[in-house]
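# Observations on the model geometry
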Amino acid sequence: MELEVRNLSVSRGGVPVLEGLSFRLAPGRALILRGPNGIGKTTLLRTVAGLQPPLSGEVGLDREAMAYAAHADGIKATLTVAENLSFWAQVFGTGDITPAIDGFALDELRNRPAGGLSAGQKRRLGLARLLVTGRPVWVLDEPTVSLDVDAVAMFGAAVRRHLATGGMALIATHIDLGLDEAEVMDVGPFKAKPPKVEDFDEVFL
Ligand SMILES: Nc1ncnc2c1ncn2[C@@H]1O[C@H](COP(=O)(O)OP(=O)(O)OP(=O)(O)O)[C@@H](O)[C@H]1O
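Residue numbers here run from 1 along each chain, matching the order of that chain's written sequence. Whole-chain, interface and lining totals are the exception, using all residues; otherwise, since this is a predicted model, local features are given only for residues with pLDDT of at least 70 and side-chain atom pairs are given and counted only at 80 or more.

The name given to the chain in an unreviewed UniProt entry is Heme ABC exporter ATP-binding protein CcmA, with Marimonas arenosa as the source organism.

## Focus: the sheet that holds strand S2 (residues 15-25)
One open sheet holds the 3 strands; their spatial order is S2-S1-S4, and the pairing between them is antiparallel. Each edge of the open sheet carries a strand with a single partner, namely S2 and strand S4 (56-59). Taking each pair of neighbouring strands and ignoring which way they run, the sheet shows an average axis angle of 25°. Sheet topology note: the strand S1 (residues 3-12)/S2 ladder contains 7 bridges and is antiparallel. Bridged to Val5 within S2 is Phe23. It is the C-beta atoms, placed from the backbone, that decide contacts: two residues are in contact if theirs lie within 7 Å. Interaxial angles span 0 to 180 degrees and are taken between N-to-C directions of axes, which are lines fitted to C-alpha atoms, for helices over the stretch in contact. Helix and strand labels come from DSSP, where a helix needs a run of H or I of at least four residues and a strand needs a run of E of at least two; each type is numbered from the N terminus. Lying on the sheet, helix H1 (residues 41-48) is in contact with S1, S2 and S4; it crosses S1 at an angle near 125°. By this definition, two strands are paired if DSSP reports at least two bridges between them.

## Describing the pairing of strand S7 (residues 168-172)
Exposed residues have 12 or fewer other C-beta atoms within 10 Å of their own C-beta, buried residues have 20 or more, and partly exposed residues fall in between, where C-beta atoms are placed from the backbone. Judged by how many residues are buried, S7 sits mostly within the fold: 5 of 5 residues are covered. Along S7, one buried face is formed by Met168, Leu170 and Ala172 and the opposite face, lined by Ala169 and Ile171, is buried too. Here strand S3 (residues 30-34) pairs with S7 via 4 bridges, running parallel. Of the residues in S7, the one forming a bridge with Ile32 is Ile171. Two elements, strand S6 (residues 137-141) and S7, share 5 bridges in a ladder whose sense is parallel. In the strand pairing of S7, Val137 is matched with Met168. The definition of a right-handed crossover adopted here requires that, viewed with the strands pointing away, the path from the first strand over the helix to the second runs clockwise. Regarding the hand of the β-α-β motif, the stretch spanning S6, helix H5 (residues 149-164) and S7 is right-handed.

## Notes on the sheet that holds strand S5 (residues 66-69)
Across the sheet, 5 strands lie side by side as S5-S6-S7-S3-S8; this open sheet has parallel pairing. Of all strands in the sheet, those with a lone pairing partner are S5 and strand S8 (183-186), marking the two edges. Each strand of the sheet is rotated relative to its neighbour by a mean of 15°, with strand direction disregarded. On top of the sheet, H1 reaches S3, S6 and S7; it is set at about 150° to S7, its chief contact. The sheet strands contacting H5 are S3, S6 and S7, and the helix crosses S7 at an angle near 145°.

The following block contains the structure:
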């Protein structure tokens, strides 16, 4: 299994933002997307994860193979940390939540209602969810927002372990994750060009 994106163009609010993107992600590989604010990284990730249709081109992998994590952590506030993880483990049909608890140092917080966690703790819980999805392709949008230095390192280690078991990761981030083995793609050159006006008069008709 691999993620192959072919000649993909994506739009936001009906306006093309990126066009002509192609890349391939093989098992054990990570690809980091870079580019300035507003260039279209979120839009690209949402399209790859199947949350919105492409303008054109193809994503050659079923969305069931992907786990998407973005700004909204998807945490149930009234459930404890452990209950949240167990809930997702049930949804995704996986079992043990221990690697998720251990991987993001959540043991001390396991019986705390998730709604009472700090922003960084919530983010750690949101990322720990990736481990209970059992899905091979992680599609991550700014995963380290609110994380302190130790938690960023925890996240980097979790990604590394995922890659070591044949997983894949596609990550948009502005910070250095310490994943030197990852490939990096600047999406800037793929910025969509404004549509050509063939007949100037038509604009006014
Ligand atoms: N709901 C929306 N409707 C229309 N346009 C939007 C909407 N949300 C974002 N945009 C625009 O779409 C473009 C791409 O936004 P996107 O969020 O994909 O960029 P990004 O590269 O992820 O930015 P950042 O680094 O700031 O997170 C931007 O110009 C943005 O202003």
